[in-house]
Amino acid sequence: MSVELLGGTVYFRMFESSKIEEMVEFIRTHNLLAPNESLRATGGGAYKYASLFQSALGVSLEKKDEMRSLMTGMNFVAKHVKDAAFRYSDAIGEKQIVNTGNPFPFLVCNIGSGVSLVKATDEHTFQRVTGTCMGGGTLLGLAKLLTNCKSFGELLELSSHGDNRNVDMLVGDMYGGQGAEELGLESDVLASSFARVVDARESDGKLQFRREDIAKSLIYMVAYNIGQIAYLTAKLHNLNRVYFVGNFIRDHLYTMDTITYAVNFWSQGNMEALFLRHDGFLGAIGALLQDEWDSQREQQQDHNEAQ
């Protein structure tokens, strides 16, 4: 991420929590931190792995508020990174850049292991309004049980070769193509996740379903539900823009398409699903810049009071 304001380029490297020891070794091998230095960190890992960093590297973790880090990182990227915000759907076929000149107010749907929904009124005013336990952790946990995937990246790769229609029930399966048309329904709309499994026949005492199809169905199930919860929350707070961020997205096209479809479907096109570049690193960016951002806010408040 090249940012003129920071005077250079920021490089990102991601390690899943299960591979935190690899991250420690990466820091040690590349001499990124010296003993007795501190590292700004946020989220549960800032507490969970503090002793590991201290014992392995002699480095202390400077804990930063998670929600403030998220919003600081998001505001910074939207304001200072070129073409940061975009919309996407398969119908569009490409990312459409969105002007973020004055995006407030909006809802942030931060998808990690669970989901947090944050209402942002301006750059420095935000409030977590609700959340759900069905998030990326739910998806990966079910994927490990049902497909034996070991990582989120493996799940995404597997799902790219899948067809959820082999395990999901669509509207057309329930009403037939003509019946769905008579009711004004699209026959290819998802009616019930995994419902085809209910009537499936066993072969050699086992149900025969492809791992790829199961992976695709899981992503659709979780993404559709997150999209609907985000829509309902935004409607409750009279917001018409929702930014979906977090490592669940990972610039994955049909994940973004699924979320966009859900928001458009439930809002009848009156609400917009938006995405950001570097969405999985917003908390890290915010933790890095939080002190400077808070200082800027205080200076602005002093300026306003002096006028």
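(A) Examining the packing of helix α1 (residues 20–29) against helix α3 (residues 50–57) more closely. At a minimum axis separation of 11 Å, α1 and α3 run at an interaxial angle of 35 degrees. Considering the relative orientation of α1 and α3, their crossing is right-handed. In this structure, α1 contributes Ile-20, Met-23, Val-24, Ile-27 and Arg-28 to the contact, and α3 contributes Leu-52, Phe-53, Ala-56 and Leu-57. Looking at side-chain class alone, the contact of α1 with α3 contains 8 nonpolar, no polar and 1 charged residues.

(B) Spotlight on empty space enclosed by the protein. Within this structure, the stated rule accounts for 2 cavities of 30 Å³ or more. Taken as a whole, the largest cavity encloses approximately 40 Å³ of empty space. Forming the boundary of the largest cavity are 10 residues, of which Thr-72, Glu-123, His-124, Phe-126 and Trp-293 lie nearest the centre. Counting only elements with at least two residues in the lining of the largest cavity, the list comes to α4 (66–80) and α10 (282–306). Per-element tally for the lining of the largest cavity: the top contributor is α4, with 4 residues. Met-74, Asn-75, Ala-78, Pro-103, Phe-106 and Tyr-243 are the residues that line the second largest cavity. When residues in the lining of the second largest cavity are grouped by element, the largest group, 3 residues, is from α4. Considering only residue class, the lining of the second largest cavity consists of 5 nonpolar, 1 polar and no charged.

(C) Summary view of the pairing of strand β8 (residues 115–122). The sheet contact formed by strand β7 (residues 106–111) and β8 spans 6 bridges and is antiparallel. Across the sheet, Phe-106 pairs through a bridge with Ala-120, a residue of β8. Here β7 folds back onto β8 in antiparallel fashion, the turn holding 3 residues. With 7 bridges connecting them, β8 and strand β9 (residues 125–132) associate as antiparallel partners. Opposite Lys-119, over in β9, you have Gln-127 as the bridge partner. Where β8 folds back on β9, the antiparallel hairpin that results is connected by 2 residues.

(D) Summary view of the pattern of salt bridges. A full pass over the atoms with the stated rule returns 13 salt bridges. A salt bridge links Glu-272 to Arg-87; the shortest N-O distance between them is 2.3 Å. Separated by 185 residues along the polypeptide, Glu-272 in strand β15 (residues 272–276) and Arg-87 in strand β5 (residues 85–87) bring together distant segments of the chain. Given a relative accessible area of 24%, Glu-272 falls into the partly exposed group. In this structure, Asp-163 and Arg-165 form a salt bridge, with 2.9 Å as the shortest nitrogen-oxygen distance. Residues joined by salt bridges that share partners form a network here, namely Arg-40, Glu-62, Lys-64 and Asp-291.

Rules behind the numbers
Throughout, residues of each chain are indexed from 1 in the direction in which the sequence is written. The predicted nature of this model means local features are confined to residues of pLDDT at least 70 and side-chain atom pairs, given and counted, to a pLDDT of 80 or more, with totals for whole chains, interfaces and linings taken over all residues. Heavy atoms from the whole structure form the basis of all side-chain values; hydrogens and water molecules are not counted. Between N-to-C directions, angles cover 0 to 180 degrees, with each direction set by a line fitted to C-alpha atoms, over the stretch in contact for helices. Starting at the N terminus, helices and strands are each numbered in turn, a helix being any DSSP run of H or I of at least four residues and a strand any DSSP run of E of at least two. Helix crossings get a hand from a simple test, with the near helix turned counterclockwise from the far one by less than a right angle marking a left-handed crossing and a clockwise turn marking a right-handed one. Any two residues whose heavy atoms approach within 4.5 Å are treated as being in contact. Residue classes follow a fixed rule: Ala, Val, Leu, Ile, Met, Phe, Trp, Tyr, Cys and Pro count as nonpolar, while Asp, Glu, Lys and Arg count as charged, and any other residue, Gly among them, counts as polar. Think of a 1 Å grid over the protein atoms and nothing else: a 1.4 Å probe that fits but is trapped marks a cavity, an open set flanked by protein within 12 Å on at least five of seven lines marks a pocket, and residues with an atom within 4 Å of a point count as lining. Grid points are joined across faces, edges and corners, and a volume is the space filled by probe spheres set on the points. Pairing between strands is defined by DSSP: at least two bridges between them are needed. A pairing counts as a salt bridge when a side-chain nitrogen of Lys or Arg comes within 4 Å of a carboxyl oxygen of Asp or Glu. Only protein chains enter the accessibility calculation, which uses a 1.4 Å probe; a residue whose area is less than 20% of its type maximum is buried, one above 50% is exposed, and one in between is partly exposed.

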